Amino acid sequence: MTATDSHTATASATAPDAGPARVLPDALPLLPEDPPRVGDFWLRARLGANAAGYLYSASDETGRDAVVAMMTEGSADDAAARDRFVTAVDELPQEAVLAHNDVDDDDLALWVALGPVRPEDGSSAAADERLIAERRGEEVLSAVLMDRIPQLGRVRGPDFRHYWENRRRPGLFRIWPLPWPAVLRPASRLALILSLLTMAIIMAIAVLIAWLLFRNAPEVDPDPVIPSPSGTATVTVTPTTPPPGTGSPTTSGPGSPGTNPTPGPSPSGGTTSGPIPTEGPVSPGGTPTDPGDRF
């Protein structure tokens, strides 16, 4: 046996059996960045992905299964990639397209639901329908990525690569109307009940603290309101007191206004009217002088 024969025999003995190869791997669980729903379809698992988008296994509220193809955030921001996605969807048979984006979703990632896919019943027809839907979804994403364009001429120079291929997160999506939280996560209903119970306990504690703070506070009656008649004016009179050392105001003569003559004894025993003499020196004119007044 020669070396060539031995190598041939070994290669033929270890060669795997030829069989139908799946286009996409088995389904994988959803990741946190995956949308829970697009349109009327709830996403259940990942079927595959490339740089242009993702394939998901999905079903709607009526139990109808489908395969959803959705663009990544990188390809969704490229206008030319969006045009290739729309063109690839338009080339599919009309009965194969179950749903797609609305016309006002210009800022969201494009998606399309492909089918029909019957429920898994173990029959070959159900497996064939699912495989056909997966192949159609892969063709749509390949048209966006342009990785199946036949090569023309000889391969020369660097390879072609899109500028958005590194942005591989699922594209922007919107859920409206908002679903019940239990649909997104099974534990959401319990979390909602616990949050409501915690809020009620906090409110009860706040009411109890307020009652303890103000239970011994005296009641304060408001001041009575006295109505004042309209058209009246209030005048405040402030009494004034003369400064010490100035004495009482006097007048310069009996004829001055504002004097009150006080009767005094006369030399003949009667009474005369005249001013009361004041203590201290008197000026030649008869006017009392202040001792501190020198000029």
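None of the values given here were measured: they were computed from a predicted structure. (Residues numbered from 1 in each chain as written. Predicted model: local features only at pLDDT ≥ 70, side-chain atom pairs only at ≥ 80, totals over all residues. Heavy atoms only, no water.)

Within the largest apolar cluster, 35 residues are counted, with the highest numbers of intra-cluster contacts made by Val68, Met71, Phe85 and Val144. At six residues, the largest contribution of residues to this core is made by strand S4 (residues 65–71). With near-sequence residues (within four places) excluded, valine 144 lies in contact with Ala52, Met71, Ser75, Ala81, Arg84, Phe85, His162 and Trp164. (Core = buried A, V, L, I, M, F, W, Y, C linked by side-chain atoms within 4.5 Å. Buried < 20%, exposed > 50% of the residue type's maximum accessible area, 1.4 Å probe, protein only. Helix = DSSP H or I, 4+ residues; strand = E, 2+ residues; numbered from the N terminus. Contact = heavy atoms within 4.5 Å.)

Owing to its 3.6 residues per turn, the α-helix brings residues three or four apart onto one side. Taking 1.5 Å as the rise per residue, helix H3 (residues 79–90) with 12 residues should run 16 Å; its terminal C-alpha atoms sit 17 Å apart, in good agreement. Inspection of H3 places Ala81, Arg82, Phe85, Ala88 and Val89 among the buried residues, and these make up the whole buried set. Each buried residue of H3 lies within a common arc of 125 degrees when the element is viewed along its axis, so the set occupies one face. Structural note: H3 exposes Ala79 and Asp90 on the side pointing more than 90 degrees away from its buried face. In this fold, the buried residues of H3 make contact with S4, helix H2 (73–76), strand S5 (97–100), strand S6 (111–117) and helix H4 (124–145). (Expected span 1.5 Å × (residues − 1). Arc of directions from axis to C-beta.)

It is worth spelling out the side chain of asparagine 50 at this point. Looking at the secondary structure, you find asparagine 50 in strand S2 (residues 41–50). Exposure remark for asparagine 50: the relative accessible area of 19% places this residue in the buried category. Reaching out from asparagine 50, the side chain makes a polar contact with the backbone nitrogen of alanine 52 at a distance of 3.0 Å. Those residues in contact with asparagine 50, other than ones at most four positions away along the chain, are Thr72, Leu141, Ser142 and Leu145. (Polar contact = N/O pair within 3.5 Å; in protein donor to acceptor, adjacent residues only side chain to side chain.)

Across all of its chains, the model carries eight salt bridges by this definition. Across the pair arginine 46 and aspartate 34 runs a salt bridge whose closest N-O atoms are separated by 2.8 Å. Placement of arginine 46 in strand S2 and of aspartate 34 in the loop between helix H1 (3–14) and strand S1 (37–38) is noted, with a sequence separation of 12 residues between them. Here the two residues arginine 46 and aspartate 34 agree in accessibility, since each one is buried. For the salt bridge of arginine 130 with aspartate 65, the shortest nitrogen-to-oxygen distance reads 3.9 Å. With arginine 130 in helix H4 and aspartate 65 in strand S4, the pair connects residues that are 65 residues apart, well separated along the chain. Of the two residues, arginine 130 and aspartate 65, neither departs from the other in class, the shared state being buried. Each member of the salt-bridge network shares a partner with another, and the members are Glu33, Asp34 and Arg46. (Salt bridge = Lys/Arg side-chain N within 4 Å of Asp/Glu carboxyl O.)

Okay, the packing of H3 against H4 next. Running from amino to carboxyl end, H3 crosses H4 at an angle of 145 degrees, the nearest separation of the two axes being 8 Å. Pair H3 / H4 crosses with right-handed handedness. Counted together, Ala81, Arg84, Phe85, Ala88 and Val89 of H3 and Val140, Leu141, Ala143 and Val144 of H4 form the full contact between these two elements. Partitioned by chemical class, the residues of the contact of H3 with H4 number eight nonpolar, no polar and one charged. (Axes fitted to C-alpha atoms, helices over the stretch in contact; angles between N-to-C directions. Left-handed = near helix turned anticlockwise from the far one by under 90°. Nonpolar A, V, L, I, M, F, W, Y, C, P; charged D, E, K, R; others polar.)

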